[in-house]
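Single-letter residue listing:
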Amino acid sequence: MSARTVLERCDELAAVSALPDGYVERTYLTVEHKAANALTATWMTEAGMDGTWQDAAGNVCGRLEGERPGLPALLLGSHLDTVPQAGRYDGILGVMIAIEVVARIAASGAALPFALEVVGFGDEEGTRFGTTLLGSRALAGTWDPAWCGLLDADGVSLRQACAAFGLDPDAVGRAARRPEDVIGYLEAHIEQGPVLEQRGRPLGLVTSIAGARRMLVTVTGRAAHAGTPYRLRRDALAGVSEAILAIESLAPELGLIATVGRVGAQPGAVNVVAGSATFSLDVRAACDPQRDAGLETLLAEVGRICTRRELSLSVEHTHAAETVHCDPAMTAVLARGIAATGDPAALELFSPPGHDAMAVAALTGVGMLFIRCAGGVSHHPEESVLEADVALAIDAMHAAVLSLAEGYGTLAA
Ligand SMILES: [Zn+2]
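Enquirer: How do you make sense of the pairing of strand 16 (residues 366-371) when you look at a structure like this?
Expert: Regular strands place side chains that alternate from one sheet face to the opposite one. For strand 16, the buried fraction is high: 6 of the 6 residues fall into the buried class. In strand 16, alternate side chains face the same way, and those of V366, M368 and F370 on one face and G367, L369 and I371 on the other are all buried. Where strand 5 (residues 182-190) meets strand 16, 6 bridges bridge the pair, whose relative direction is parallel. Bridge pairing in strand 16 links I190 to I371. Of the strand pairs in this sheet, strand 6 (residues 203-209) and strand 16 are connected by 4 bridges, and their pairing is antiparallel. What sits directly across from L203, in strand 16, is I371.

Here it is, written out as C-alpha cells:
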C-alpha cells in the first residue's frame, strides 16, 4: 500500500519539469526546484511531521520530534534535483521512502529517543552549475562561499539564482548543521548499476562510495602525411586506441571501473597521421589504495604501449576525491533493517557513483541502502524499479530506524 504511494509521488514529481513531453529536468534554484520543495513539504506534513522548512541552501526539510522536543536528529534523505532527460527515481525515491518511513512511525505513536528529519537535497547532480552536491555540502558545513560566482549555461551566477529563489546568497552557509544536533544519516537510493539484478537481490548494503580520480592522458608521436608507410609512422591515435583497449581489459582484473569518455586527436585532419592524441580517464574502486595501485598498473601498461610505438606519454591529474566509507554503526543498523525483511546476509557492494551521503559524511556517520533498478539504468527516462522492491526498502528503512532506537535505549541504560 505505502510503496504504491511512494511510486505515485515519484510520478507526480516527474511532472515538475523544465522539459516538455514527459521528459524530466529539475535543476538547482529553478522554479521547478521551488515547486518540488512545496509538493514534498505537503507530503511531509501529511506524514505527520511537526514542522517543515526550506533551509538556507534551498533543501526542503521536515522534522518529527522524538520523545521530547529538541533531541538530536537522525537524518533520512536523498536529492530532488535531476540531470536533463532524467528518470524519476534517482534521488527522489530515497526522499519519498524516507517520508513514508516517518509516516509509519508517526502513525504508530512510537516515541523515539531521537528526532527524525527528512531532507530533500536541492542539488546533488551539479547539472546547473557544474559543481555537485551543493545542497548536501551546505548542510554538512562544507559550503564554499566562492561557489556564488559559479555560472550556469545562461550566464546566471549562483548568487543571482539564490536571490531569485528567495535565498540570501551570503547566508547559504547557515544551512550547516551542528554535529551535536545529528546522530547519523541514512539514504536509500537506486543502485544505478546491475549487481543487485544480476544476483537476484532486491536490496543491497553500501560499504563505500567511490571517490574518482580523473586525468587527461596525452600521447605524442609525429604528425605525417597519410602516404607515410606504417613502419615509419609514430601514430599517436593508434597508440591511444591500443591503450584504451588495454585499460578496458585490465581494469576488471584490478578491481577498477575505468572510463575513457573523451578522445581528441591533433592535428585532426583526414589525411594526416595524428601527431598527438589526448584522452580522459576516470578511475574508481571500492577503496583508495586499491584504486591508486590499480591506476599505477594501468598507466604502466599504457607506458609500455607508448614505448613500443615510440610515443611519449604525459598524464595531467585533474580531479581526486577520497572514497567515503560508510559508518560501521549506521551500516549495522541498515543490515538489521534488511534482515528484518527476510534477508539475514545483505549483499554488500560499493557505489561507483557519488551520492549526498558522501558530503554528509563530513558531518555525521552515514549508511546507504541500494534498491535494485531495471538493467542498472539511471539518468535516463527508462529508469525503473519494482513496487515489491520499494515495499522491501520501506520495511528495511523502517526496521533500521526502530533498531537504532532500541540500541539507543540500551546505550542510555
Ligand atoms: Zn542520485
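Enquirer: Can you help me understand the pairing of strand 2 (residues 60-64) in this one?
Expert: Most of strand 2 is tucked away: 5 of the 5 residues are buried. Of the two faces of strand 2, the one lined by V60, G62 and L64 and the one lined by C61 and R63 are each fully buried. With 4 bridges joining them, strand 1 (residues 51-54) and strand 2 adopt antiparallel strand pairing. If you follow W53 over to strand 2, its bridge partner there is C61. Turn length for the strand 1-strand 2 hairpin, with the two strands adjacent in sequence and antiparallel, is 5 residues, and the turn residue G58 shows positive phi of about 85°.

Enquirer: Please clarify how helix 5 (residues 158-165) should be interpreted in this entry.
Expert: Note on helix geometry: an α-helix contains 3.6 residues per turn, so any two residues three or four positions apart are oriented the same way. Every buried residue belonging to helix 5 is among L158, A161 and C162, and all of these are buried. Projection of helix 5 onto a plane perpendicular to its axis shows the buried side chains occupying an angular sector of 105°, all on one side.

Enquirer: Would you mind showing me how to read the nonpolar core here?
Expert: Nonpolar side chains in soluble globular proteins tend to end up buried together. V102, A393 and M397 are the most contacted members of the largest nonpolar core, which totals 126 residues. Per-element accounting of this core gives the leading share, 12 residues, to helix 11 (residues 387-412). Taken domain by domain, the makeup of this core includes at least three residues from each of domain 1 (2-210 + 323-412) and domain 2 (213-320).

Enquirer: Would you mind going over the environment of L313 with me for this structure?
Expert: Mapped onto the secondary structure, L313 falls in strand 13 (residues 312-320). Overall, L313 belongs to the partly exposed group, with 19 C-beta atoms counted inside 10 Å. As a C-alpha pair, L313 and L299 span 14 residues in sequence and 9.6 Å in three-dimensional space. Not counting residues within four places of it along the chain, the set of residues in contact with L313 comprises V219, V302, G303 and C306.

Enquirer: What is the right way to look at the packing of helix 7 (residues 236-250) against helix 8 (residues 288-308) in this model?
Expert: To describe two helices that pack against each other, one gives the angle between their axes and the distance between the axes. It is at 9 Å that the axes of helix 7 and helix 8 come closest, and there the two elements cross at 150°. Between helix 7 and helix 8, the angle is such that the two are roughly antiparallel. At the point where helix 7 passes helix 8, the crossing takes the right-handed sense. Residue-level contacts link G239, E242, A243, A246, I247 and L250 of helix 7 to T297, L298, E301, V302, I305 and C306 of helix 8. Its residues assigned to classes, the contact of helix 7 with helix 8 comprises 8 nonpolar, 2 polar and 2 charged.

Enquirer: Got a minute to help me understand unusual backbone geometry in this structure?
Expert: The phi angle of most residues is negative, glycine excepted, and most peptide bonds adopt the trans form. Between Q266 and P267 the backbone carries a cis peptide bond, its omega angle lying at 0°. Looking at where P267 falls in the secondary structure, it is placed in the loop between strand 10 (263-266) and strand 11 (272-273). One non-glycine residue with positive phi stands out, namely Q192, at about 60°. Inspection of the secondary structure assignment puts Q192 in the loop between strand 5 and helix 6 (195-199). A count of 19 C-beta atoms within 10 Å places Q192 in the partly exposed class.

What counts, and at which threshold
Residues numbered from 1 in each chain as written. Predicted model: local features only at pLDDT ≥ 70, side-chain atom pairs only at ≥ 80, totals over all residues. Buried ≥ 20, exposed ≤ 12 C-beta atoms within 10 Å, placed from the backbone. Helix = DSSP H or I, 4+ residues; strand = E, 2+ residues; numbered from the N terminus. Pairing = 2+ DSSP bridges. Arc of directions from axis to C-beta. Core = buried A, V, L, I, M, F, W, Y, C linked by C-beta atoms within 7 Å. Domains from an automatic or database assignment. Contact = placed C-beta atoms within 7 Å. Axes fitted to C-alpha atoms, helices over the stretch in contact; angles between N-to-C directions. Parallel < 35°, antiparallel > 145°, perpendicular 65-115°, else oblique. Left-handed = near helix turned anticlockwise from the far one by under 90°. Nonpolar A, V, L, I, M, F, W, Y, C, P; charged D, E, K, R; others polar.

The quantities given are spatial measurements derived from coordinates; they are silent on function.
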